[in-house]
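Report on the structure
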Amino acid sequence: MILIDGKKAAAELRAELKEEVAELKSKHNKVPGLTVILIGDLTPSQIYVRNKEKSANEVGLKSEVIKYPDSVEEKTVLEKIQELNSDETVSGILVQLPLPKHIDKQKVIEAIDPSKDVDGFHPMNVGNLSSGYESSIPCTPLGCYLLIKKIEPNLSGKKAVVVGRSNLNGKPMTQLLLKENCTVTITHSKTKDLKAECLEADIIVAAVGIPELVRGDWVKKDAIVIDVGINKTDNGIVGDVHFDEVSKNARALTPVPGGVGPMTIACLLKNTIDCFKRSQI
Ligand code: NAD
């Protein structure tokens, strides 16, 4: 079984991106800039943002974090986004989710200029992705896609099952696999026989949030299994896939932690650089 090493893949991607940033700097005399807006003092969000800033600096991006207290008015955030939209030194804008209840998430997402939407959540990017046009792609499914392609460069005709239909993970993942000519089944909490669906799959991507949902006898021999889940349990962090059981059957599997997680941030950097490149054309 191939243990898909997300840490290594992310480090390789960051090294490529660092070179690309250096080339862009010498060509355009400027570097891509990422601005993150962080609202409130939720610890996981603070940790994510700190890691994003560290990685951005590592590859040579200009990086900035704008912090607001939980009590900030929606209007203040929307005005700041408008200011960043027209700031030429800002290539990518990310508003760290979740937001406090009094702030309308969708309004915030739609306020970001789609050409600077490094999360790929703006309806224009969602539409472009599903129409097969160039777009920003949400970072976690993009990371999963790059890991799958490392194992199997030609996905044409493969059967893929995506478990979970969130806008963040399941739906964009489905679009990426469709683009590669996979036959994709998207499953969710109302799916009748999830085990039977998974048993058909050459590729399984699990993004559910239920510890160890996907069991060993759900997985066809030689399937590629990507585990997006991050679940806190009494036994530590586990994924949505039962690692010990599935590793006996699968051809390749991502561990949790150390699989999809590290790729997510690397893909955010990639998206920022891609936004910059599109803005220079
Ligand atoms: P979500 O709660 O938005 O969506 C979960 C999806 O799972 C829903 O579509 C739901 O229909 C489906 N579902 C629920 N119960 C099910 C069941 N019994 N069978 C089949 N499908 C079922 O979750 P999300 O934001 O997509 O996150 C999913 C997991 O991925 C979470 O554990 C989250 O922490 C993790 N995550 C990891 C990363 C990363 O970088 N690795 C990034 C984002 C999210």
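Heads up: these notes are all about the structure in this document. This one's a predicted model, so the numbers in the text were calculated from it and none came from an experiment. (Residues numbered from 1 in each chain as written. Predicted model: local features only at pLDDT ≥ 70, side-chain atom pairs only at ≥ 80, totals over all residues. Heavy atoms only, no water.)

Within the structure, the ligand sits among 21 residues, and Arg-165, Ser-166, Asn-169, Val-228 and Thr-264 are positioned closest to it. In the environment of the ligand, an oxygen atom lies 3.0 Å from a nitrogen or oxygen atom belonging to the side chain of Asn-169. Contacts to the ligand include Ile-230, whose backbone N or O atom sits 3.1 Å from an oxygen atom. Broken down by element, the shell around the ligand gets its largest block of residues, 3 residues, from helix α10 (residues 260-279). A breakdown of the residues in the shell around the ligand according to their chemical character gives 9 nonpolar, 11 polar and 1 charged. (Near = heavy atom within 4 Å. Polar contact = N/O pair within 3.5 Å; in protein donor to acceptor, adjacent residues only side chain to side chain. Helix = DSSP H or I, 4+ residues; strand = E, 2+ residues; numbered from the N terminus. Nonpolar A, V, L, I, M, F, W, Y, C, P; charged D, E, K, R; others polar.)

The next thing to look at is the nonpolar core. Among the nonpolar cores identified, the biggest contains 48 residues, and Ile-148, Met-173, Leu-177, Ile-203, Val-205 and Ile-226 are the most heavily contacted of them. Apart from residues no more than four positions distant in its own chain, Ile-203 is found in contact with Ile-148, Leu-155, Lys-158, Lys-159, Ala-160, Val-161, Cys-182 and Ile-224. Among the nonpolar cores identified, the runner-up in size contains 17 residues, and Ile-66, Leu-78, Ile-93 and Leu-99 belong to it. (Core = buried A, V, L, I, M, F, W, Y, C linked by side-chain atoms within 4.5 Å. Buried < 20%, exposed > 50% of the residue type's maximum accessible area, 1.4 Å probe, protein only. Contact = heavy atoms within 4.5 Å.)

In this section: empty space enclosed by the protein. The tally for this structure, following the rule as stated, stands at 1 cavity of 30 Å³ or more. For the largest cavity, the calculated volume is near 80 Å³. For the lining of the largest cavity, the elements supplying multiple residues, two or more each, are β4 (92-95) and α4 (105-111). With 3 residues, β4 is the single largest residue contributor to the lining of the largest cavity. (1 Å grid on protein atoms, 1.4 Å probe; cavity = no way out; pocket = protein on both sides within 12 Å on 5 of 7 lines; lining within 4 Å. Points joined across faces, edges and corners; volume = space filled by probe spheres on them.)

Attention shifts here to the layout of surface pockets. Space inside the second largest pocket adds up to approximately 240 Å³. Around the second largest pocket, the lining is made up of 16 residues, and of these Glu-88, Thr-89, Val-90, Ser-279 and Gln-280 lie nearest the centre. Considering every element that reaches the lining of the second largest pocket, the biggest residue donor is α10, with 3 residues. Residues of the lining of the second largest pocket, tallied by class, amount to 5 nonpolar, 6 polar and 5 charged.

Attention now moves to the sheet that holds strand β5 (residues 159-163). Strand order in the open sheet formed by 6 strands is β1-β11-β8-β7-β5-β6, with parallel pairing between adjacent strands. Among the strands making up the open sheet, the edge pair consists of β1 (2-3) and β6 (183-187). Where β5 meets strand β7 (residues 203-206), 4 bridges bridge the pair, whose relative direction is parallel. By the bridge assignment, Val-162 is partnered in β7 with Val-205. Against the sheet, helix α7 (residues 170-179) makes contact with β5, β6 and β7, and its axis sits at roughly 170 degrees relative to β6, the strand it touches most. (Pairing = 2+ DSSP bridges. Axes fitted to C-alpha atoms, helices over the stretch in contact; angles between N-to-C directions.)

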